[in-house]
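Descriptive analysis of the structure
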Amino acid sequence: VPRLRGFDIAGRILPLTGLVGGDHIIYIDFKQRYDLEARIAQAQAKGRREIVANLRRIQQAAGIALVDVSGHRMTDALLAAMFHQALLLGATYELDMFGTVTKRLFENLNTRFYQSSGTHKFISLLYGEISEDARFRFVSAAHVLPTVFSREHDRFMEVGAEHCVSF
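Since we're looking at a predicted model, the values are computed, not measured.

**Here we look at the side chain of Ser 131**
Note that Ser 131 resides in strand 3 (residues 123-131). Discounting residues that sit within four places of it in the chain, Ser 131 has contacts with Phe 7, Gln 60 and Ala 61.

Listed below in C-alpha cells is the structure:
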C-alpha cells in the first residue's frame, strides 16, 4: 500500500463466492516500485526536461487501480492477474517515455484485452493517482465515477461532472 504524506490508504476486496473472483486492487507506489531517481538522472542526461518534471511530480503521488472482471470464477481472477502485470509493465514504459502514466496506456490495454478476451468477458477499471498536494486525477473505463473523502467536509463526496474531462 502506498505511503503519502497526509493520506491514509486502504482497500479490501470481498469475493462474492469465496476465495477468488474478478475484483482486484492494484497499488502503485511510484517511489517504491520504480527507481525514480535513476529515471530522473537518465532524463536529465538526455535533456528531457518535461520527463524530469513529470517524474518529480509522481515522486509525491501514488496510483490505485480498481479492476472488475465480469464473472466470479478462477478464470476471472486469472484475467485480473494478467491485467495487473500488464498495467505494471506498461507503467514502466510510460515512465521511461513520458515520465508519467498516460491515457495512452489504458487505450492500449483496452485494445489488447478486448482482442484477446471472449465476447462475454470484459474488464471495467478505475485508475486514479493521488498526490500529496491533494490532487486526484483518474481515468474511468466503464466504471462508476469515484467518490473521495473530503477532510474539509468530513464526508465522502462524489466527483462532480464539472471536474471531469470525457473522451
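**Observations regarding a nonpolar patch on the surface**
A surface patch of nonpolar side chains, about 310 Å² in accessible area, is lined by Leu 89, Tyr 93 and Met 97. Mapped onto the secondary structure, Met 97 falls in helix 4 (residues 74-98). For Met 97, a relative accessible area of 35% puts it in the partly exposed group.

**Things to note about the nonpolar core**
Ranked by size, the top nonpolar core spans 29 residues in total, and within it Phe 30 and Leu 87 carry the most contacts. Secondary-structure elements contributing two or more residues to this core are strand 1 (23-29), helix 2 (36-45), helix 3 (49-58), strand 2 (61-69), helix 4, helix 5 (103-116) and strand 3. With seven residues, helix 4 is the single largest residue contributor to this core. The next biggest cluster of nonpolar side chains, apart from the first, holds seven residues, and it includes Leu 4, Ile 9, Ile 25 and Ala 62.

**Things to note about helix 4**
Given a rise of 1.5 Å per residue, 25 residues ought to cover 36 Å, and the 35 Å separating the end C-alpha atoms of helix 4 matches this to within 8%. Residues of helix 4 that are buried include every one of Asp 76, Ala 77, Leu 79, Ala 80, Phe 83, His 84, Leu 87, Leu 88, Gly 90, Ala 91, Glu 94 and Leu 95, and no others. Of the residues trailing helix 4, Gly 99 is marked for its positive phi of about 80°.

**So, the environment of Phe 30**
Mapped onto the fold, Phe 30 is located in helix 1 (residues 30-33). On the accessibility criterion, Phe 30 (0% relative accessible area) is buried. In this structure, the C-alpha to C-alpha distance between Phe 30 and Gln 60, residues 30 residues apart in sequence, is 8.4 Å. With sequence-adjacent residues up to four places away left out, Phe 30 is seen in contact with Leu 36, Ile 58, Ala 61, Ala 62, Gly 63, Leu 95, Val 101, Tyr 127 and Glu 129.

**Considerations on the pairing of strand 4 (residues 136-141)**
Of the pairings in the sheet, the one linking strand 3 to strand 4 comprises six bridges and is antiparallel in character. If you follow Ile 130 over to strand 4, its bridge partner there is Phe 136. In sequence, strand 3 turns back onto strand 4 through a hairpin of four residues, with Ala 134 there showing a positive phi of about 75°.

**Thoughts on the sheet that holds strand 3**
Read across the open sheet, the four strands follow the order 1-2-3-4; overall the sheet is antiparallel. The open sheet is flanked by strand 1 and strand 4, the only strands paired with a single partner. Pairwise comparison of adjacent strand axes, ignoring direction, gives a mean angle of 10° for this sheet. Contacts from helix 4 reach strand 1, strand 2 and strand 3, with the element oriented near 15° to strand 1.

What counts and how
- Residues numbered from 1 in each chain as written.
- Predicted model: local features only at pLDDT ≥ 70, side-chain atom pairs only at ≥ 80, totals over all residues.
- Heavy atoms only, no water.
- Helix = DSSP H or I, 4+ residues; strand = E, 2+ residues; numbered from the N terminus.
- Contact = heavy atoms within 4.5 Å.
- Patch = residues over 30% accessible without salt bridge, like charges linked within 9 Å, V, L, I, M, F, W, Y side chains within 5 Å.
- Areas by Shrake-Rupley, 256 points an atom, 1.4 Å probe, with all protein chains shown as cover.
- Salt bridge = Lys/Arg side-chain N within 4 Å of Asp/Glu carboxyl O.
- Buried < 20%, exposed > 50% of the residue type's maximum accessible area, 1.4 Å probe, protein only.
- Core = buried A, V, L, I, M, F, W, Y, C linked by side-chain atoms within 4.5 Å.
- Expected span 1.5 Å × (residues − 1).
- Pairing = 2+ DSSP bridges.
- Axes fitted to C-alpha atoms, helices over the stretch in contact; angles between N-to-C directions.

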